[in-house]
Amino acid sequence: MLLSLVLHTYSMRYLLPSVVLLGTAPTYVLAWGVWRLLSAFLPARFYQALDDRLYCVYQSMVLFFFENYTGVQILLYGDLPKNKENIIYLANHQSTVDWIVADILAIRQNALGHVRYVLKEGLKWLPLYGCYFAQHGGIYVKRSAKFNEKEMRNKLQSYVNAGTPMYLVIFPEGTRYNPEQTKVLSASQAFAAQRGLAVLKHVLTPRIKATHVAFDCMKNYLDAIYDVTVVYEGKDNGGQRRESPTMTEFLCKECPKIHIHIDRIDKKDVPEEQEHMRRWLHERFEIKDKMLIEFYESPDPERRKRFPGKSVNSKLSIKKTLPSMLILSGLTAGMLMTDAGRKLYVNTWIYGTLLGCLWVTIKA
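All values derive from a computational prediction rather than experimental measurement.

Asks: Any chance you could explain the environment of Asp-103 here in plain terms?
Replies: As for its position among the elements, Asp-103 is in helix H4 (residues 98-107). Measuring from C-alpha to C-alpha, the distance between Asp-103 and Ile-293 comes to 26 Å, with 190 residues separating the pair along the chain. Look past the residues within four positions of Asp-103 in its chain and what remains in contact with it is Gln-59, Leu-63, Leu-112, Val-115 and Tyr-117. Side chain to side chain, Asp-103 and Tyr-117 meet in a polar contact 3.3 Å long.

Asks: Please clarify how helix H7 (residues 182-194) should be interpreted in this entry.
Replies: Between its terminal C-alpha atoms H7 stretches 18 Å, which fits the 18 Å expected from 13 residues at 1.5 Å a residue. Leu-185, Ser-188, Phe-191 and Ala-192 are the residues of H7 that are buried. Down the axis of H7, the smallest arc covering the buried residues is 125°, so these residues share one side. H7 presents Lys-183 and Gln-194 as exposed residues on the side facing more than 90 degrees away from its buried surface. Elements that come into contact with the buried residues of H7 comprise helix H10 (274-297). Note on H7: the residue one or two positions beyond its end, Gly-196, has a positive phi of about 70°.

Asks: Would you explain the UniProt feature "transmembrane region" (unreviewed entry) in the protein in this entry?
Replies: Sequence positions flagged by UniProt for "transmembrane region" (unreviewed entry) are, in local numbering, residues 14-35 and 344-362. A helix fraction of 95% and a strand fraction of 0% characterise residues 14-35, whose end C-alpha atoms lie 31 Å from each other. In the segment residues 344-362, helix accounts for 100% and strand for 0%; the C-alpha atoms at its two ends are 25 Å apart.

Asks: Just checking my understanding: could you explain the nonpolar core for this structure?
Replies: The tendency in soluble globular proteins is for nonpolar side chains to be buried as a group. Formed by 58 residues in total, the largest nonpolar core has its most connected members in Tyr-89, Tyr-167, Ile-258 and Ile-260. Examining the composition of this core, we find that 12 residues originate from one element, helix H3 (residues 44-69), more than from any other. If near-sequence neighbours (up to four positions away) are discounted, Tyr-89 is found in contact with Val-101, Ala-102, Leu-105, Tyr-167, Leu-168, Val-169, Ile-170, Tyr-226 and Val-228. Residues Leu-156, Met-218, Tyr-296 and Phe-307 belong to the second largest nonpolar core, which totals 38 residues.

Asks: How should I be thinking about the packing of helix H8 (residues 209-218) against H10 in this particular structure?
Replies: Between H8 and H10, the shortest axis-to-axis distance is 10 Å and the interhelical angle comes to 120°. By crossing handedness, the relation of H8 to H10 is classed as right-handed. Between H8 and H10, the contacting residues are Thr-211, His-212 and Phe-215 on the first element and Gln-274, Met-277 and Leu-281 on the second. Across the contact of H8 with H10, the residue classes break down as three nonpolar, three polar and no charged.

Asks: Help me out: how do you make sense of the sheet that holds strand E3 (residues 115-120) in this one?
Replies: Read from one edge of the open sheet, eight strands run E4-E3-E5-E2-E6-E7-E1-E8, paired in mixed fashion. In the strand order of this sheet, the two ends are held by strand E4 (139-141) and strand E8 (311-314), each with one partner. Each strand axis lies, on average, 25° off the axis of its neighbour in the sheet, ignoring direction. Pairing of strand E1 (residues 73-78) with E8, which is carried by four bridges, proceeds in the antiparallel orientation. Note on E8: the bridge partner recorded for Ile-74 is Ser-314.

Asks: Just checking my understanding: could you explain the side chain of Thr-27 for this structure?
Replies: Tracing the chain through its elements places Thr-27 in helix H2 (residues 25-38). Residue classification places Thr-27 among the buried positions, given a relative accessible area of 6%. When sequence neighbours within four positions are dropped, the list of residues in contact with Thr-27 reads Leu-328, Leu-331, Thr-332 and Met-335.

Asks: Help me understand a nonpolar patch on the surface, please; the structure alone is not making it clear to me.
Replies: A cluster of nonpolar side chains, namely Val-346, Ile-350, Tyr-351, Leu-354, Leu-355, Leu-358 and Ile-362, defines an oily patch on the protein surface of about 730 Å² accessible area. Note that Tyr-351 resides in helix H12 (residues 339-363).

Asks: What's the story with the packing of aromatic side chains in this structure? I'm lost.
Replies: For any two aromatic rings, the description comes down to two numbers: the centre-to-centre distance and the angle of the planes. Applying the stated rule across the entire model yields 17 aromatic pairs. Taking the centre distance of 5.6 Å and the plane angle of 50° together, the rings of Phe-295 and Phe-307 count as tilted. In this pair, Phe-295 is assigned in helix H10 and Phe-307 in the loop between H10 and E8, connecting sequence segments 12 residues apart. Just as Phe-295 is buried, Phe-307 falls in that class too. Grouped by ring-pair contacts, the aromatic residues Tyr-28, Trp-32, Tyr-55, Tyr-58, Trp-99, Tyr-117, Tyr-129, Tyr-132, Phe-133 and Phe-171 constitute a single cluster. Over the ring of Tyr-69 we find Lys-253; its NZ or CZ atom is 4.9 Å from the centre of that ring.

Asks: Quick question: what am I supposed to make of the pairing of strand E7 (residues 257-266) here?
Replies: One face of the sheet, then the other: side chains in a regular strand alternate in exactly this way. Bridge count between E1 and E7: six bridges; the pairing is parallel. The residue bridging Leu-76 from the neighbouring strand is Ile-260, located in E7. The sheet contact formed by strand E6 (residues 224-233) and E7 spans 10 bridges and is antiparallel. When the bridges of E7 are listed, Ala-224 appears paired with Asp-266.

Asks: Just checking my understanding: could you explain the side chain of Ser-324 for this structure?
Replies: Within the secondary structure, Ser-324 is located in helix H11 (residues 322-336). Ser-324 sits in the buried class, given a relative accessible area of 9%. Separated by 3.3 Å, the side chain of Ser-324 and the backbone oxygen of Val-57 make a polar contact. Leave out the neighbours within four places in its chain, and Ser-324 touches Val-57, Ser-60 and Met-61.

Cut-offs used in this document
Every chain is numbered on its own, with residues counted from 1 as its sequence reads. Where local features are concerned, this predicted model is filtered to residues with pLDDT of at least 70; where side-chain atom pairs are given and counted, the filter is 80 or more; whole-chain, interface and lining totals use all residues. For side-chain calculations, the full set of non-hydrogen atoms in the structure is used, while hydrogens and water are omitted. To qualify as a helix, a DSSP run of H or I must reach at least 4 residues; to qualify as a strand, a run of E must reach at least 2; elements of each kind are numbered from the N terminus. Note on contacts: a residue pair qualifies if any of its non-hydrogen atoms lie within 4.5 Å across the two residues. Two N or O atoms count as a polar contact when they lie within 3.5 Å, although within protein this holds only if one can serve as hydrogen donor and the other as acceptor, and sequence-adjacent residues are included solely when both atoms are side-chain atoms. A helix is expected to span 1.5 Å multiplied by its residue count minus one. Think of it in three bands: residues with accessible area under 20% of the maximum for their type are buried, residues over 50% are exposed, and the middle band is partly exposed, with areas taken using a 1.4 Å probe on protein chains only. Here the arc refers to the directions that run from the helix axis out to each C-beta atom. UniProt positions are given in the numbering used here, feature names are shortened, and annotations may be inferred rather than shown by experiment. Residues grouped as a nonpolar core are buried Ala, Val, Leu, Ile, Met, Phe, Trp, Tyr and Cys residues, joined through side-chain atoms within 4.5 Å. What counts as an axis is a line fitted to C-alpha atoms, over the stretch in contact for a helix, and the angles between N-to-C directions run from 0 to 180 degrees. What makes a crossing left-handed is the near helix being turned counterclockwise from the far one by less than a right angle; a clockwise turn instead makes it right-handed. Side-chain classes follow a simple rule in which Ala, Val, Leu, Ile, Met, Phe, Trp, Tyr, Cys and Pro form the nonpolar group, Asp, Glu, Lys and Arg form the charged group, and the remainder, Gly included, forms the polar group. DSSP-based pairing: two strands are paired if at least 2 bridges between them are found. Like-charged residues within 9 Å of one another, or nonpolar side chains (Val, Leu, Ile, Met, Phe, Trp, Tyr) within 5 Å, are grouped into patches, provided each residue has over 30% relative accessible area and no salt bridge. Each accessible area is a Shrake-Rupley estimate made with a 1.4 Å probe; only the visible protein chains count as cover when residues are assessed. Any Lys or Arg side-chain nitrogen located within 4 Å of an Asp or Glu carboxyl oxygen qualifies as a salt bridge. Centres within 6.5 Å are what make two rings of Phe, Tyr or Trp a pair, Trp counting through its six-membered ring; a difference in plane orientation under 30 degrees is then read as stacked, over 60 as edge-to-face, and the rest as tilted. Sitting over a ring, as applied to charges here, requires NZ of Lys or CZ of Arg to be within 6 Å of the ring centre and within 35 degrees of the ring normal.

Written as structure tokens, this is what we have:
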């Protein structure tokens, strides 16, 4: 019985965040849909400005749970940009929480509403979210030979032409690194060796297509590239790296610290030609790999479990996140208190998902 109580208490840690985050989705989509209709005859910049504000509200609620609720300690290293910029964000990919880390940095620059992702194709079928991410400026891409360069260029160029603020998040590895999936790691290392590139241990060999297209389209619009390296502390064992936490594990407070190293790279220091950029990107991942080797395996205990240089313990004020959680939760609760509201809520889930899937199918 005691074990059952412990397990029940453990599961409750992620139950509340999950219910609120998923439960408020129809409310958010309804608010966005109303604005989408009202702004149909207005200049695009008016729609984009309020859409970014709405997105900031929802993602602030996400950060309430992933930062304030979990109590995770955020340690920042390297360059710490404070002002809004148009940037490409390049990071190592190891967990579903990686998407949240981009939000963690963006909110500290007051740029949370500007975050847009390059996403794998399959995510466009997510109920409600899949369609909305594309509407907000996200770009769905297929892997390898199926990658549609023209489509990505057209979308990015339209954002640049409209003056859309860009905090474009790309994970060049294309799939999550997991030290326990040795076949994936071996294939990645073999791919690098065949092309005369350095073999990497703690990251996968980065792919160039999405990064090159993004930079080529936006090079005159960008301010910089952020090269971001992330470690989730708490899942290693005696220096041996383990699989990074899932969102569920993270919300269960299994990750006490996130270490984030940022290199701000001026756009003039990035090669434009694709083959040169391929080498440059791989060199950036070599730097990541060396930092991660040092983090996990350094014989010097003073250099283990930390990145080089001074760290800043960055705490997010609850004043930036709690109001969003209360607003969206309150609106959702109010909707569910009436028969008409409950019917609207359920219909939004059903028909919003169907219309969203239809929309992404037509746009495919």
